[in-house]
Structure formats: structure tokens, C-alpha cells
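# A closer look at the structure
Each chain is listed here by its residues.
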Amino acid sequence: MKPKPVFSISGNTSVCEGDQVVLTANGSSNINFTWYDKDGNKLAEGPGYTYYPTQTDRLKVVADLGGCLDQQYVNVIVNKKPKLIITGSAAICKGGTLDLTASGAKTYDWGGGVTSSNLHVVGLNSNTKYNIVATDENGCQLDSVIPVTIYPDPKVVIDAPDIVCRGDVVRLVAKSETCTKFTWWDGMVSDTKDYTMSYPEVSFSLQGTDENGCVAKASKVIKSVAYPTVSVYGKDEICEGESVTLTASGAKNWEWSTGGKTTIVKIDKIVRDTTIIVTGQTDEGCKTNAEFKIKVKPIPTLSTRETPAVCRGGNLVLTAQGADTYKWSANESFGPELNLQNVISP
């Protein structure tokens, strides 16, 4: 009686998905080996068989020693690679913090000595990438590359004049090509803000946020200039037809209602009550108006009531009317009545 062949099978019978399986039938050199799949299809002849299984498999090995046959089965276990899940945003704002968390495996290696499930990187300023190697309880590994995108910095400015008049309302306008939300220093959310300038200098701040959540900040200092205190000096009561010289003070530039543009103006031949308006302006454009009222008194119409003709050496009495005060040339006397005594010539 011929003996049956004696043999054994060795090799990596538990592999990870995508790995190679190398099997060897061990026995005497005069044994012929044939390999079959689980459905009985012949795969190969010889003591060794190598292949890449896609799923758990079962192979049959038939040994032939001079016509005496024996067979063995080999179970090949294919372990799936870990299903790596990365949570957290891989797109962040410039200078921001990257926080990524891996799950789905037993151990993790991000490189650079980081072997926890979490990757925490502060102050990234340019696009980069990170490699992670995840290993499960079967020793199967998955190598993945995580690209990191750095959003560009948004920009925002406050559009407003540098100098305004004190007490005026200044409109602050937020301007940006990328920001969609604007938050002022007091928490107000709007692209414009009105502010009454009651202080000599005010610093304003603004925060702009773009659609990626990236933030830009802006500030602006605005100065305020007091309105000028304008005064007008001159004669405010004149006789009809007289001229008046007016002097303004308190500002740098001037504009009179009469057309003058200097500090001093002369107004000729005023015949009725008049209000003169002058506008004083600072170098910054702050303007104040002042009025100066001129009262015009009409020229009196004089008439005299005289005593009838007198004899030489007699007395003459003249009475004037039509004015408030009177001065006579005959004797430098004052009053509405002139009394001349001892008149000897006309």
C-alpha cells in the first residue's frame, strides 16, 4: 500500500484589503500540488500560490504522491481597511486655528509626533496638507491626505470725512469687496452709521465679516471743528443817504450779502432800514451767519415861523419845526426858538 502524502500549508491567511497573500504547501519534493478556488476551479500548480483576494476566501490544495491523493483547505480572511472619518473644517481664515478630529480606527498618526485622534494647529497662514495614517484593531491601515485651504484676508474701511463741523451729523459708511456683515463699535449691525460730532476728536471702529466667517477690522479718527463765532461792528443808526462801514470778526473767510468778500465792507447811500447778512467760514468749511440791522432816519424837513417885520433895534423871534434838535447859526444857540434882540440889520 502506498502512503498518502504528508504536507502542511503556511502563509499569511489573514490580510488587509488590497494586500497580497502568499501561500506555501510544505512537503517532500516528490509531492505535486494543485490549487483550486472554492468553486473547484483550478488556480495553479506547484508548492506556492500568490494572489490578491478582494474578500474572505477558501482555497483547496490537493497533494499527489505517486497517485495517492490528499487535500487540505485554507481559509483566507480579508479584513476591510478602516473607514476613516474626519470632522472639522479644513478651510480656515488666515492666522486661524485648524481643529480636525479623526474617527473610525484604533490609532492615528498625523506625523510630526501627533498620535492622538485630534489635530490642533494654531496660526496657519498658507495652504498646506496633512497626512494621516489610521490603523484598526486588525492592523489594517488607511493613509489619507487632508488638504488645508487658507481663506484670504477680507478688507474693510470706514469711508467718512477726516474733519467735520462740531455738532454736525457725520455718516460713516463701511466699504468692502468681500465682507457681507458689518458690526460697529456699539454692536450695531449695518453698512452705515450716523454720529453727532460733539467732541473735538472721535475714534471709530468697525468689524467686517465675509461669507467664510473671516473677520477684518478698521478704525478711523475724525476731528471736529467748532463753528466760528461771528461778530459785526459798525454804526447801526444813520441818516438817510449816509454810508456805513462794517467790520466782521471771528472767522477766516467772508461773504457779505452785499457782495463783499473781505473783513471790512463799505455800504454807500443807504436810504431805508437794511439788514446786512455776513457769512464767516473757517478753513475747514464751517460757516456761521450773522445779521447786522441798520436803522435809517429820514432827513428832517425844517420850517420856521417868524415874527412879522420888526423895526430897527426891535426884537425878532423865530421858531423852527420838523426836527428833534436844532442849532442856530445866528448866535450858536440851541433849541427850536431863536430870540434876537436889538436887530439893526437884516
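Up top is the structure these notes are about.
Anyway, here's the lowdown on the structure attached to this text. Remember, predicted model here, so these are calculated numbers, not experimental data.

### Some remarks on the state of the cysteines
- In the structure shown here, the tally under the stated rule is three disulfides.
- Disulfide pairing is shown between Cys16 and Cys140; the S-S distance is 2.0 Å. For the disulfide bridge between Cys16 and Cys140, the dihedral angle about the S-S bond is near -95°, and by the sign convention the bridge is left-handed. One end of the pair, Cys16, is in strand E2 (residues 14-16); the other, Cys140, is in the loop between strand E14 (128-135) and strand E15 (141-151), with 124 residues separating them in the sequence. Just as Cys16 is buried, Cys140 falls in that class too.
- What pairs with Cys165 in a disulfide is Cys286, and their sulfur atoms sit 2.1 Å apart. Residues Cys165 and Cys286 share a disulfide whose torsion about the S-S bond is about -110°; that sign makes it left-handed. With Cys165 in strand E17 (residues 163-165) and Cys286 in the loop between strand E28 (274-281) and strand E29 (287-297), the pair connects residues that are 121 residues apart, well separated along the chain.
- The class for Cys286 is buried, based on a relative accessible area of 0%.
- Disulfides within the protein link the bonded cysteines, taken in sequence order, as 1-3, 2-5, 4-6.

### Brief notes about the packing of aromatic side chains
- Scanning the entire structure with this criterion turns up seven aromatic pairs.
- Judged by centre distance (5.5 Å) and plane angle (65°), the ring pair of Phe7 and Phe33 falls under edge-to-face. Of the two residues, Phe7 is situated in strand E1 (residues 7-11) and Phe33 in strand E4 (residues 32-36); the sequence distance between them amounts to 26 residues.
- Given the relative accessible area of 9%, Phe7 is considered buried.
- Here the aromatic residues Trp184, Trp185, Tyr195 and Phe204 are joined through ring pairs into a cluster of three or more.

### Here we look at the pairing of E14
- Relative to E14, strand E12 (residues 107-109) runs antiparallel, the two sharing three bridges. Considered in E14, the bridge of Thr107 is made with Thr135.
- For E14 and E15, the ladder comprises eight bridges, and the chain directions are antiparallel. Looking across to E15, one finds that Thr128 is bridged to Val148.
- Taking the residues that link successive antiparallel strands as the turn, the E14-E15 hairpin has five residues, and the phi of Gly139 there is positive, at about 85°.

### Description of the sheet that holds strand E11 (residues 96-103)
- Reading across from one edge, E9-E11-E13 is the order of the three strands in this open sheet, with antiparallel pairing throughout. Of all strands in the sheet, those with a lone pairing partner are strand E9 (85-87) and strand E13 (118-124), marking the two edges. Looking at each pair of strands side by side, their axes are set apart by 20° on average, direction ignored.
- Pairing analysis gives six bridges linking E11 to E13, with the strands arranged antiparallel. Paired with Asp99 across the bridge in E13 is His120.

### Observations concerning the environment of Glu291
- Among the structural elements, Glu291 can be located in strand E29.
- Residues Glu291 and Val278 lie 13 residues apart in sequence; the distance between their C-alpha atoms is 6.5 Å.
- Ignoring anything within four residues of it in the chain, the contact list for Glu291 reads Thr275, Ile276 and Ile277.

### Points about the sheet that holds strand E25 (residues 244-249)
- Spatially, three strands are ordered E23-E25-E27 in an open sheet, and the strand pairing comes out antiparallel. Every interior strand has two partners, whereas the edge strands, strand E23 (231-233) and strand E27 (264-267), have only one. Averaged over all pairs of adjacent strands, the angle between their axes in this sheet comes to 25°, without regard to strand direction.
- Taken together, the three bridges between E23 and E25 define a ladder with antiparallel strand orientation. In the sheet register, Val232 faces E25, and the bridge partner there is Ala248.

### Side note on the pattern of salt bridges
- Using the criterion set out here, one finds nine salt bridges in the structure.
- Residue Asp159 pairs with Lys175 through a salt bridge whose shortest N-O separation is 3.1 Å. Note that Asp159 is positioned in strand E16 (residues 157-159) and Lys175 in strand E18 (residues 169-175), a separation of 16 residues in sequence.
- By relative accessible area, which is 36% here, Asp159 ends up partly exposed.
- Lys175 gets classed as partly exposed once you look at its relative accessible area, which sits at 43%.
- The salt bridge partner of Lys297 is Glu237, with a shortest N-O separation of 3.5 Å. Highlighted residues: Lys297 in strand E29 and Glu237 in strand E24 (residues 237-239), separated in sequence by 60 residues.
- Residue classification places Lys297 among the partly exposed residues on the basis of a relative accessible area of 35%.
- On the accessibility criterion, Glu237 (37% relative accessible area) is partly exposed.

### Describing unusual backbone geometry
- One non-glycine residue, Lys269, lies in the positive phi region at around 50°.
- Position of Lys269 relative to the elements: it lies in the loop between E27 and E28.

So, how was this worked out
- Residues numbered from 1 in each chain as written.
- Predicted model: local features only at pLDDT ≥ 70, side-chain atom pairs only at ≥ 80, totals over all residues.
- Heavy atoms only, no water.
- Disulfide = S-S within 2.5 Å.
- Helix = DSSP H or I, 4+ residues; strand = E, 2+ residues; numbered from the N terminus.
- Buried < 20%, exposed > 50% of the residue type's maximum accessible area, 1.4 Å probe, protein only.
- Phe/Tyr/Trp six-rings, centres within 6.5 Å; stacked < 30°, edge-to-face > 60°.
- Pairing = 2+ DSSP bridges.
- Axes fitted to C-alpha atoms, helices over the stretch in contact; angles between N-to-C directions.
- Contact = heavy atoms within 4.5 Å.
- Salt bridge = Lys/Arg side-chain N within 4 Å of Asp/Glu carboxyl O.

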